[in-house]
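A closer look at the structure
So you can see what is in the structure, the chains are spelled out below.
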Amino acid sequence: MIIKAITSIDSEWTKVIDYAEKCSWKAGINLANAMRKEQFTEWERVFIAIENDEIAGYCTVAKTDCIPDVPYTPYIGFVFVGEKFRGNRISQKLIIEAMAYAKKLGFKEIYLISDHENLYEKYGFSVIDKKTAYWGAEEKIYMQCLNNNSIIEIIDGLKKSIN
């Protein structure tokens, strides 16, 4: 399993657009459109998981997410793993790499928006806010601190649990 951060100049970019557009998750089309329009700029990245030259999943690190007018940044977004790859902790691996990337860039926190219960807490995220997304559903805004040793301990612990 390889986790790789990509931008529009990488050879996998169009392959990920096609994969996201055709995936079973309805938000995949939104990622494909954002990638096609090259809306990822500066330090923003799409992270992909590759298994045997096949895309297994993806997530993003971006300035914004689906809730406008909030003071939080950056976000881990579009976390998706293909059905045949589920159960292998690929989303965990993607999230670990995304958090490590944001920390390396100097961010003190990272955010994530979801309506899932008890999923992101195991990665050290805590709910800090609830807001209505553009499609009308109330979503939770999670935060994870990146500015202390706790994130390193979480990442190390999660990596050990993967292996």
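With that out of the way, let us pick up the pattern of salt bridges. In the structure shown here, the tally under the stated rule is six salt bridges. Arginine 36 is the partner of glutamate 21 in a salt bridge, and the nearest nitrogen-oxygen pair spans 3.1 Å. Note that glutamate 21 is positioned in helix H1 (residues 13-22) and arginine 36 in helix H2 (residues 28-36), a separation of 15 residues in sequence. Take glutamate 21: its relative accessible area is 32%, and that puts it in the partly exposed class. Exposure remark for arginine 36: the relative accessible area of 43% places this residue in the partly exposed category. Residue glutamate 42 is joined to lysine 63 by a salt bridge in which the shortest nitrogen-to-oxygen separation is 2.9 Å. Taken as a pair, glutamate 42 in the loop between H2 and strand S2 (45-51) and lysine 63 in the loop between strand S3 (54-62) and strand S4 (75-81) lie far apart in primary sequence, 21 residues in all.

The seven strands are arranged S1-S2-S3-S4-S5-S7-S6 in an open sheet whose pairing can be described as mixed. Sheet topology places strand S1 (2-6) and strand S6 (126-132) at the edges, where each strand pairs with a single neighbour. On average, adjacent strands in this sheet sit at an angle of 25° to one another, irrespective of strand direction. The pairing of S4 with strand S5 (residues 109-114) spans two bridges and is classified as parallel. Each bridged residue has a counterpart across the sheet, and for isoleucine 76 the counterpart in S5 is leucine 112. Lying over the sheet, H1 contacts S1, S2, S3 and S4, oriented at roughly 95° with respect to S3. Lying on the sheet, helix H3 (residues 90-105) is in contact with S1, S2, S3, S4, S5 and strand S7 (138-145); it crosses S2 at an angle near 145°.

Following threonine 73, the chain continues into proline 74 via a peptide bond in cis, with omega recorded as -5°. You can see proline 74 is positioned in the loop between S3 and S4. The phi dihedral of asparagine 52 falls on the positive side, at around 50°, and the residue is not glycine. With respect to the element layout, asparagine 52 can be found in the loop between S2 and S3. Residue classification places asparagine 52 among the exposed residues on the basis of a relative accessible area of 71%.

Rules used in this analysis
- Residues numbered from 1 in each chain as written.
- Predicted model: local features only at pLDDT ≥ 70, side-chain atom pairs only at ≥ 80, totals over all residues.
- Heavy atoms only, no water.
- Salt bridge = Lys/Arg side-chain N within 4 Å of Asp/Glu carboxyl O.
- Helix = DSSP H or I, 4+ residues; strand = E, 2+ residues; numbered from the N terminus.
- Buried < 20%, exposed > 50% of the residue type's maximum accessible area, 1.4 Å probe, protein only.
- Pairing = 2+ DSSP bridges.
- Axes fitted to C-alpha atoms, helices over the stretch in contact; angles between N-to-C directions.
- Contact = heavy atoms within 4.5 Å.

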